[in-house]
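Each chain, letter by letter, is given below.
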Amino acid sequence: MTSDTVHHTQADAIIVGGGVAGLSAAVALGRSRRSVVVVDAGDPRNAPAAHSHNYLTRDGESPLELVRLGRDEARRYGAHIIEGTARSATRTESGFEVTLGDGSVVTGRRLLVTTGLTDVLPNIPGLAERWGRDVLHCPYCHGWEVRDHTIGIIGSPLVGHQAQMWRQLTERVTVFAHLAPELTDEDQGRLAARGIEVVDEEIARVDVADDAIVGVTLADGRQVRLDALVVGPNFTSRADILVSLGIGTTEMVMNGHVLGTYIEADPVGATSVPGVWVAGNVSAPMDTVVAASAAGVRAGAAINGDLIEEDVRIAVQRSTSAAAT
């Protein structure tokens, strides 16, 4: 584990997860003169992607560069960054203790978890190696870059909607339906109306040449030429630290299909456990980078407000006790 010089006194807030959500919260808290410790395992969900998009004034920036810049900004407002893995958290009389992978302990009055999620991909040979490059998920994140290209959609429970989203960007869309629920006549009609081909044969492997997808090979040996593949992964929240506090995950259900898990929270990120907040993909799997950043700011402001209320209560108690003596 490496870190900045970390104070052993209790911080106002511990943030577990150092992506844009956690770092945005650290800046918001730091600007309110709160002491903050950020614990970051260094494995952001979007690390394989070369660029991120729809982040105003930062369009096209590398996700890892955003983290680097965010760390520098958070440090300017006094945040301490610890590179390590948070294993568990426990409640104490004055807040929380977070135990790290090396056995060390960080203490804080409040806890914010921004650990994100894990994308669970279909088990197709060659697919995972291209994830975030030319195996894509979000049309708003990477669609513009493959406009007018030949795109394959690997079927998921939302394949009908998914295919139409990508059809907005190119006329050359093929749906590989073997992993999707059976398409209804209405589904088939909607796809056909926009010239979207449907292939029922199973994909045997993803074909790559010169460090780029060139297509897929089907189980019957037929090859289909493609420039990119789109998948609908299962979103599994990275919630171990929260589970250790008794906060369970909730199934993410859309159109009757379970697409993953997330942590329930109120609009500012407060969980069912007092003093614990969440922000980013761990609680909102569909959030893009800019939305996760905004959620971090909201959570940071809410934590500061909660700490102010506690500071006021303590001040009133002390004032009352002093007046009584």
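For the structure itself, consult the block above.
Conventions used here
Residues numbered from 1 in each chain as written. Predicted model: local features only at pLDDT ≥ 70, side-chain atom pairs only at ≥ 80, totals over all residues. Heavy atoms only, no water. Axes fitted to C-alpha atoms, helices over the stretch in contact; angles between N-to-C directions. Helix = DSSP H or I, 4+ residues; strand = E, 2+ residues; numbered from the N terminus. Left-handed = near helix turned anticlockwise from the far one by under 90°. Contact = heavy atoms within 4.5 Å. Nonpolar A, V, L, I, M, F, W, Y, C, P; charged D, E, K, R; others polar. Core = buried A, V, L, I, M, F, W, Y, C linked by side-chain atoms within 4.5 Å. Buried < 20%, exposed > 50% of the residue type's maximum accessible area, 1.4 Å probe, protein only.

Orientation of helix α1 (residues 20-30) relative to helix α7 (residues 289-324), taken along the N-to-C sense of each, is 35 degrees, at an axis distance of 7 Å. In the packing of α1 onto α7, the handedness of the crossing is right-handed. Note on element contacts: α7 touches α1 through V289, A292, S293, G296, V297, G300, I303 and N304, opposite V20, A21, S24, A25, A28 and L29. In terms of residue class, the contact of α1 with α7 is made up of nine nonpolar, five polar and no charged.

Tracing the sequence through the fold places L169 in the loop between α4 (159-167) and β11 (173-176). Residues L169 and E145, spaced 24 residues apart in sequence, show a C-alpha to C-alpha distance of 9.5 Å. The contact partners of L169, leaving out residues within four places of it in the chain, are P139, G143, W144, R147 and D148.

Moving on, we come to the nonpolar core. Residues I15, A26, V36, L112, W277 and I303 are the most contacted members of the largest nonpolar core, which totals 27 residues. Contributing elements (two or more residues each) for this core: β2 (11-16), α1, β3 (36-40), α2 (63-76) and α7. Not counting residues up to four positions away in its chain, the partners in contact with L112 are I14, I15, V16, A25, W277, V278, A279, A299 and I303.

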